[in-house]
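For reference, the chains in residue letters:
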Amino acid sequence: MRAIRAFFELIKLEHTIFALPFAYLGMLLAAGGLPSLHQLGWITIAMASARTLAMGFNRIADRALDARNPRTANRPLVTGDISLRTAWVGTAIAGGIFLLAAWQLGRLTLLLSPIAILFLLGYSFTKRFTWSSHFILGFTDGMAPAGAWAAVRQSLFTPSDLPAWILLTAVTFWIGGFDLIYACQDEKFDRSAGLYAIPARFGIPAALRLAKICHVITTLLLILLGSITNLGLPYWIGVLIVIGLLVWEHSLVRPDDLSRVNVAFFNVNGYISLILVVSVLMALFVR
């Protein structure tokens with residue numbers, strides 16, 4: 001039981017709240033309302049297991065770097081609260097559950113699952129060789145709504161699947177933007193370690209400006225999504241609230257004051273994802 005608790009602490013299971021609502025967005029839009037219980041259940045399992053797989057592997061891959069970084073030196077794999085063997089076992093189990101969920105959700109999701117796994121595991125290494133690592137992380141999370149859409153529609157590559165691709169792109173820039181903000185905390189360490197993080201290479205002010213641009217693009221894509229899907233007033237109210245939250249998020253951090261990064265990263269972004277899924281749900285049921 002102690003090992004299980006330590007593993008959940010390792011992967012920060014509670015932060016699934018960021019990505020899961022976007023998977024539900026893809027699911028709700030694909031179904032035009034509520035999907036079947038089978039689809040809802042297995043999409044939820046797929047999302048939770050995918051994130052567990054990604055986070056577990058990330059902690060394993062980054063354990064040496066985490067030990068050198070004062071901000072991350074208290075993570076369970078570094079302190080010894082969880083063994084490397086336990087971390088590998090939990091991560092492997094999550095991978096198996098993800099494949100089972102993909103199989104249960106249909107032939108298309110099963111065929112796409114190796115691509116998803118490639119990104120879920122591979123993004124951990126990208127900061128070692130490319131400045132685009134922030135956006136590869138965003139794309140990896142963006143696969144959630146696209147995968148949920150594919151699970152419901154058994155389709156992803158036709159003109160009618162455009163909303164799924166808009167959602168994927170919106171999440172890519174949303175996550176990429178707030179990962180830029182979060183990475184500002186590690187600017188000095190990343191520079192000394194030779195990691196490819198934009199704040200370390202181009203400076204914190206440039207990273208924060210780029211994060212703002214990313215979130216403007218996210219907003220424009222959410223507006224485009226509402227326009228082509230005719231979601232109605234509840235959705236537009238949700239988008240207005242999201243715009244307000246994004247403005248607030250950026251007001252919390254400045255190049256000379258990163259003390260409220262965690263508020264911007266965890267609290268505000270959690271609100272954004274929940275508000276969007278609630279607004280879409282309400283819009284679909286008042287049509």
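Cut-off values and rules
- Sequence positions are assigned chain by chain, starting from 1 and proceeding in written order.
- Under the rules for a predicted model, residues below a pLDDT of 70 receive no local features and side-chain atom pairs below 80 are neither given nor counted, while totals for whole chains, interfaces and linings still include all residues.
- Water and hydrogen atoms play no part in the side-chain values, which are based on all heavy atoms of the structure.
- Among buried residues, those of type Ala, Val, Leu, Ile, Met, Phe, Trp, Tyr and Cys that are joined through side-chain atoms within 4.5 Å constitute a nonpolar core.
- Working definition: with a 1.4 Å probe on protein chains only, accessible area under 20% of the residue-type maximum means buried, over 50% means exposed, and in between means partly exposed.
- Contact definition: two residues touch when any of their heavy atoms are within 4.5 Å.
- All axes here are fitted lines through C-alpha atoms, helices being fitted over the stretch that makes contact, and every angle between N-to-C directions spans 0 to 180 degrees.
- Every helix listed is a DSSP run of H or I at least four residues long, and every strand listed is a run of E at least two residues long, numbered separately from the N terminus.
- An angle below 35 degrees is treated as roughly parallel, one above 145 as roughly antiparallel, one from 65 to 115 as roughly perpendicular, and anything else as oblique.
- In this scheme the handedness of a crossing depends on how the near helix is turned from the far one: anticlockwise by less than a right angle means left-handed, clockwise means right-handed.
- Following the grouping adopted for this structure description, the nonpolar residues are Ala, Val, Leu, Ile, Met, Phe, Trp, Tyr, Cys and Pro, the charged ones are Asp, Glu, Lys and Arg, and the polar ones are all others, Gly among them.
- Residues enter patches when they are more than 30% accessible in relative terms and free of salt bridges; like-charged ones are connected within 9 Å and nonpolar ones (Val, Leu, Ile, Met, Phe, Trp, Tyr) within 5 Å.
- For every accessible area listed, the method is Shrake-Rupley and the probe measures 1.4 Å; residues are considered covered only by the protein chains on display.
- Salt bridges are identified by distance alone: a Lys or Arg side-chain nitrogen within 4 Å of an Asp or Glu carboxyl oxygen.
- Note on aromatic contacts: the rings of Phe and Tyr and the six-membered ring of Trp form a pair at centre separations within 6.5 Å, being stacked when their planes are under 30 degrees apart, edge-to-face when over 60 apart, and tilted otherwise.
- pLDDT is defined as a per-residue confidence score from the predictor, taking values between 0 and 100.

Time to look at the nonpolar core. With 61 residues, the main nonpolar core has Ile43, Trp174, Tyr235, Ile272, Leu276 and Val280 as its most contacted residues. Excluding residues within four positions of it along the chain, leucine 276 makes contact with Phe22, Leu25, Leu222, Tyr235 and Val242.

Orientation of helix α2 (residues 20-31) relative to helix α9 (residues 162-183), taken along the N-to-C sense of each, is 165°, at an axis distance of 11 Å. If you check the angle between α2 and α9, you find them roughly antiparallel. As for the relative orientation of α2 and α9, their crossing is right-handed in sense. Counting all contacts with α2, which are made through Phe22, Leu25, Gly26 and Leu29, the residues of α9 involved are Leu167, Val171 and Trp174. Its residues assigned to classes, the contact of α2 with α9 comprises six nonpolar, one polar and no charged.

This part covers a nonpolar patch on the surface. A contiguous nonpolar patch, built from Phe157, Leu162, Trp165, Leu224 and Ile228 and spanning about 470 Å² of accessible area, is present on the exposed surface. Where the nonpolar patch is concerned, the elements lending two or more residues are α9 and α12 (204-229). Residue position: isoleucine 228 is located in helix α12.

Here we take up the packing of aromatic side chains. Summed over the entire model, instances satisfying the criterion amount to ten aromatic pairs. Note on phenylalanine 57 and phenylalanine 125: the rings are 5.7 Å apart at their centroids and 75° apart in plane angle, and the pair reads as edge-to-face. With phenylalanine 57 in helix α3 (residues 37-61) and phenylalanine 125 in helix α7 (residues 107-126), this pair connects stretches of sequence that are 68 residues apart. Aromatic rings pair up to connect Phe22, Trp174 and Phe178 into one cluster.

Averaged over every residue, the pLDDT of the chain is 90; residues scoring 70 or more account for 92%. The least confident element of the chain is helix α1 (residues 2-11), whose mean pLDDT is 58; the most confident is α12, at 97.

A few words on the packing of α2 against helix α8 (residues 133-153). The N-to-C vectors of α2 and α8 enclose an angle of 35°; their axes lie 7 Å apart at closest approach. With respect to the hand of their crossing, α2 and α8 are arranged in right-handed fashion. Counted together, Phe22, Ala23, Gly26, Met27, Leu29, Ala30 and Ala31 of α2 and Ala144, Pro145, Ala148, Trp149, Val152 and Arg153 of α8 form the full contact between these two elements. By residue class, the composition of the contact of α2 with α8 is eleven nonpolar, one polar and one charged.

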